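# Descriptive structure summary
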Amino acid sequence: MIVEDYLSVIEVTNSYTARRSEAAVAAVLPPSVRIRRAREDGHAIDLELNGQPITVEWLGEGGLRQARELLTGRKDRPDIAAARHMSPGARKALSAAGIGWVDETGAAEIALESLIVSRSGHRIKVTQKSRRWSPSVLAVAEALLCGGRATVGAMQETTGLSAGSATNALRTLTDLELIGAEARRGRNSARRIPDHDRLLDAYAAAAASMMPETALTVGVTWRDPATALAETGRRWTDTGISWAATSAVAASALAPYLTSVATAEVYVDRKTIAGLEEVAAKAGLQPIEGGRLTLRPFPTVTARQLAVVKNGLNLAPWPRVYADLRVVGVRGEEAAEHLRDVIRGR
């Protein structure tokens, strides 16, 4: 892509996000409020609400990291931050900094001189999987985020996918502009990840929407979930059952952050409730509603194949742990960003 074309794409994208910000704000305001657009500037837009000037800035998905980036080292903070779906962690951070927020679910917390808006919005329920993302695309994205090369051969070797599946997955990620090539042919034509954070965010959102619905909770009385899970896992390994911890208990081994971990989530190589019950029985555990240990099928082939062992625990790949942490509240989101920073050496 030549420079002029790239700049044109950036300009169109910025204009689009500015208008999304305006639409999100307009959707939560009373009909009596008059809105006038004053100026667009990149991802920000200046509006007048009943004559009062404000600046609204687009935060994309609206995660904690985007909120922190907005707040760090900037004097020109906007009055309102807008996003597709503002996460609990982002809401807390923005509110603490005195910045209003709004998202496309209709949720908002805005406090201006002459206007106060507080709305809970509508809960988004995913009813179908993304048309672009599939388990194969998730698997390839996981492998890339773990350092794999973006070639068909490398993805076949890492994930065990067929050449066709690996090719289609790489093409999908290319179409989504999450990976790309510096040139169409020649030495610089190999695919690369232009923005690791953007790939991670897109992957995590897709992983959350495609979480296997099949799950089994079992009762445990563990005081130290990590140690007890390592012992339980040895029983599974001895009987030929593949498993990998994820979420908080895995993060406690990869990048300790939470002071206490009360529950555990584990992926195992079974796809049905009956299979999960078999896994529980192998460890002498009984299903119980509201149990502190949750068993789920492996969501992708790489969640099993790229598992690592640390402190006696089989751990899912760090991108999967990150994605699973992001959906368990403010503290989970904070732990997820800490994990990302540790992995990236920040």
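Look a little higher up for the structure.
Residues numbered from 1 in each chain as written. Predicted model: local features only at pLDDT ≥ 70, side-chain atom pairs only at ≥ 80, totals over all residues. Heavy atoms only, no water.

## Overview of the packing of aromatic side chains
For the structure on display, the rule yields two aromatic pairs. Ring centres 5.9 Å apart and planes at 65° place the aromatic pair Trp236 and Trp243 in the edge-to-face group. The same class applies to Trp236 and to Trp243, which are both buried. Between the NZ or CZ atom of Arg304 and the centre of the ring of Phe298, over which it lies, the distance is 5.7 Å. (Phe/Tyr/Trp six-rings, centres within 6.5 Å; stacked < 30°, edge-to-face > 60°. Buried < 20%, exposed > 50% of the residue type's maximum accessible area, 1.4 Å probe, protein only. Lys NZ or Arg CZ within 6 Å of the ring centre and 35° of its normal.)

## Re the environment of Arg19
Here Arg19 shows up in helix 1 (residues 3-28). Put simply, Arg19 and Glu40 are 21 residues apart on the chain and 8.8 Å apart in space, counted from C-alpha to C-alpha. Excluding residues that lie within four positions of it along the chain, Arg19 makes contacts with Arg37 and Glu40. (Helix = DSSP H or I, 4+ residues; strand = E, 2+ residues; numbered from the N terminus. Contact = heavy atoms within 4.5 Å.)

## Some thoughts on the environment of Ala169
Counting through the fold element by element, Ala169 comes out in helix 6 (residues 163-175). For Ala169, the residues in contact, after removing those within four places along its chain, are Ser136, Val137 and Val140.

## Here's the deal with the sheet that holds strand 1 (residues 35-41)
In space, the seven strands of this open sheet follow the order 1-2-3-4-5-6-7, with mixed pairing throughout. Because the sheet does not close on itself, it has two edges, and the strands there are strand 1 and strand 7 (116-120). The mean inter-strand angle of the sheet, taken between neighbouring strand axes irrespective of direction, is 25°. Where strand 2 (residues 44-49) lies against strand 3 (residues 52-58), six bridges are found, and the strand directions are antiparallel. Looking at strand 3, one finds that Ala44 is bridged to Glu57. Sheet strands touched by helix 3 (residues 88-96): strand 4 (80-83), strand 5 (100-103) and strand 6 (107-111). Its angle to strand 5, the strand with the most contacts, is close to 150°. (Pairing = 2+ DSSP bridges. Axes fitted to C-alpha atoms, helices over the stretch in contact; angles between N-to-C directions.)

## Observations concerning the pairing of strand 12 (residues 264-268)
Across the five residues that make up strand 12, a large majority, five, are buried. Burial along strand 12 is two-sided: Ala264, Val266 and Val268 facing one way and Glu265 and Tyr267 facing the other are all buried. Here strand 12 runs beside strand 13 (residues 293-297); their pairing, made up of five bridges, is parallel. By the bridge assignment for strand 13, Val268 is matched with Pro297.

## Overview of helix 6
Taking 1.5 Å of rise per residue, 13 residues should cover 18 Å, and helix 6 covers 18 Å from first to last C-alpha, within 8% of that figure. Within the sequence span of helix 6, burial applies to Ala166, Ala169, Leu170, Thr172 and Leu173. Each buried residue of helix 6 sits inside an arc of 155° when the element is viewed along its axis, so together they form one side. Structurally, helix 6 contributes buried residues whose contacts are with helix 4 (135-145), helix 5 (152-159), strand 9 (191-192) and helix 7 (196-209). Once helix 6 ends, the next one or two residues include Glu177, with phi positive near 60°. (Expected span 1.5 Å × (residues − 1). Arc of directions from axis to C-beta.)

## A few points about the pattern of salt bridges
Pairing is possible between side chains that carry opposite charge, provided their charged atoms lie close to one another. For the structure shown, the criterion picks out 20 salt bridges. Across the pair Glu104 and Arg20 runs a salt bridge, and its minimum N-O distance is 2.7 Å. Separated by 84 residues along the polypeptide, Glu104 in the loop between strand 5 and strand 6 and Arg20 in helix 1 bring together distant segments of the chain. We classify Arg20 as partly exposed; its relative accessible area is 22%. (Salt bridge = Lys/Arg side-chain N within 4 Å of Asp/Glu carboxyl O.)

## A few points about the layout of surface pockets
Computed from the structure, the second largest pocket encloses a volume of approximately 210 Å³. Every element with two or more residues in the lining of the second largest pocket is listed here: helix 9 (247-254), strand 12 and helix 13 (330-343). The greatest single-element share of the lining of the second largest pocket, amounting to three residues, is contributed by helix 9. When its residues are assigned to classes, the lining of the second largest pocket shows eight nonpolar, five polar and two charged. (1 Å grid on protein atoms, 1.4 Å probe; cavity = no way out; pocket = protein on both sides within 12 Å on 5 of 7 lines; lining within 4 Å. Points joined across faces, edges and corners; volume = space filled by probe spheres on them. Nonpolar A, V, L, I, M, F, W, Y, C, P; charged D, E, K, R; others polar.)

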